Amino acid sequence: TNNNYSPDWPVDTSYESGYDIEWWPCIKHYKNYVNDFHTEYFGYNPNWEIIGQPWYTSYKREQMAQMHEHIPDHFSVLHILKFSDLHHEPIVFINPEEKLIKSNYIRGEFLQTLEKSESHRGTDGYFNLWHHAEIVESNILIWPSTLQHFVPKSKSDERRITIAFNYNITES
């Protein structure tokens, strides 16, 4: 990697870098995954197009991605090229109902009950504010671009490498 740091946070990335990377051969591969996702999610495969250029991101020790979303695009895709569950934290998605949950349950005995029962309930239920994606190397994740997410700070010298892009549904 070339240590081309993002203007938003210090990670090695091609995002808005001006790199001239020929992405389209690998995009042909990703189209199958996106089309399968559409069939499962919508029940058919609508027309869609990639917005902007795909980008890679490489995280090393002390690097992270701050909380963000990919608005105004419709969906985001992330291919996990290099990842070790022994050395890396997965991407974390923020529950879109976070503010409602906090306003209704942040106080009192109910909050204490939720905190005490988290190990039994797991970390991915409605009352949890964050969802830690269960990923392995080579996974491809697709999610609505409005969903806020972040990558926790890396504690390893081993790089975590991804390719990402956004796309919109184009049929009217």
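Conventions adopted
- Residues numbered from 1 in each chain as written.
- Predicted model: local features only at pLDDT ≥ 70, side-chain atom pairs only at ≥ 80, totals over all residues.
- Heavy atoms only, no water.
- Helix = DSSP H or I, 4+ residues; strand = E, 2+ residues; numbered from the N terminus.
- Buried < 20%, exposed > 50% of the residue type's maximum accessible area, 1.4 Å probe, protein only.
- Contact = heavy atoms within 4.5 Å.
- pLDDT = per-residue confidence, 0-100.
- Polar contact = N/O pair within 3.5 Å; in protein donor to acceptor, adjacent residues only side chain to side chain.
- Patch = residues over 30% accessible without salt bridge, like charges linked within 9 Å, V, L, I, M, F, W, Y side chains within 5 Å.
- Areas by Shrake-Rupley, 256 points an atom, 1.4 Å probe, with all protein chains shown as cover.
- Salt bridge = Lys/Arg side-chain N within 4 Å of Asp/Glu carboxyl O.
- Core = buried A, V, L, I, M, F, W, Y, C linked by side-chain atoms within 4.5 Å.
- Pairing = 2+ DSSP bridges.
- Axes fitted to C-alpha atoms, helices over the stretch in contact; angles between N-to-C directions.

Further remarks concern the environment of Ala 133. The residue Ala 133 is located in the loop between β6 (130–132) and β7 (140–144) in this model. When its relative accessible area of 8% is taken as the criterion, Ala 133 is described as buried. In this structure the C-alpha to C-alpha distance between Ala 133 and Glu 89, which are 44 residues apart in sequence, comes to 9.2 Å. Setting aside chain neighbours within four positions, we find Ala 133 in contact with Pro 90, Ile 91, Phe 93 and Leu 141.

On to the confidence of the model for the chain. Taken over all residues, the pLDDT of the chain has a mean of 83, while the share at 70 or more is 76%. Low pLDDT (under 50) marks residues 1–7, which in the prediction has 24 contacts with non-local residues, meaning those over four places away or in another chain.

Before going further, it helps to examine the environment of His 68. In this structure, His 68 sits in strand β3 (residues 65–68). Linking His 68 and Phe 93, residues 25 residues apart in sequence, is a C-alpha distance of 9.8 Å. Within the local environment of His 68, its side chain forms a polar contact with the side chain of His 70, the two groups lying 3.4 Å apart.

Time to look at a nonpolar patch on the surface. A cluster of nonpolar side chains, namely Tyr 41, Phe 42 and Tyr 44, defines an oily patch on the protein surface of about 320 Å² accessible area. Assignment of secondary structure puts Tyr 41 in helix α1 (residues 24–42).

What the rule picks out here adds up to two salt bridges. Between Arg 61 and Asp 157 there is a salt bridge, with its nearest N and O atoms 3.0 Å apart. Of this pair, Arg 61 sits in the loop between β2 (48–59) and β3 while Asp 157 is found in the loop between β8 (149–151) and β9 (160–169), placing the two residues 96 residues apart along the sequence. A relative accessible area of 39% places Arg 61 in the partly exposed class. Under the relative-accessibility criterion, Asp 157 is labelled exposed at 59%. The salt bridge partner of Glu 62 is Lys 153, with a shortest N-O separation of 3.7 Å. A residue pair is termed long-range when its members are at least 10 positions apart, and Glu 62 in the loop between β2 and β3 and Lys 153 in the loop between β8 and β9 qualify at 91 residues. Overall, Glu 62 belongs to the partly exposed group, its relative accessible area being 49%. Assessed through its relative accessible area of 41%, Lys 153 is described here as partly exposed.

Attention now goes to the nonpolar core. Membership of the largest hydrophobic core comes to 16 residues, with the highest contact counts inside it found for Leu 78, Ile 91, Phe 93, Ala 133, Ile 135, Leu 141 and Trp 143. At the level of secondary structure, the elements contributing two or more residues to this core comprise β2, β4 (75–82) and β7. Excluding anything up to four places from it in sequence, Leu 78 contacts Ile 91, Asn 139, Ile 140, Leu 141, Trp 143, Thr 162, Ile 163 and Ala 164. With 14 residues, the next largest nonpolar core counts Ile 27, Ile 50, Tyr 56 and Ile 142 among its residues.

Looking now at the sheet that holds β3. On the basis of which strands lie adjacent, the open sheet formed by four strands has the order β3-β8-β5-β6 and antiparallel pairing. The strands lining the two open edges of the sheet, one partner per strand, are β3 and β6. Strand-to-strand twist of the sheet, defined as the mean angle between neighbouring strand axes without regard to direction, takes the value 20°. Strand direction decides the pairing type here: β3 and β8, joined by two bridges, are antiparallel. What sits directly across from Ala 65, in β8, is Val 151.

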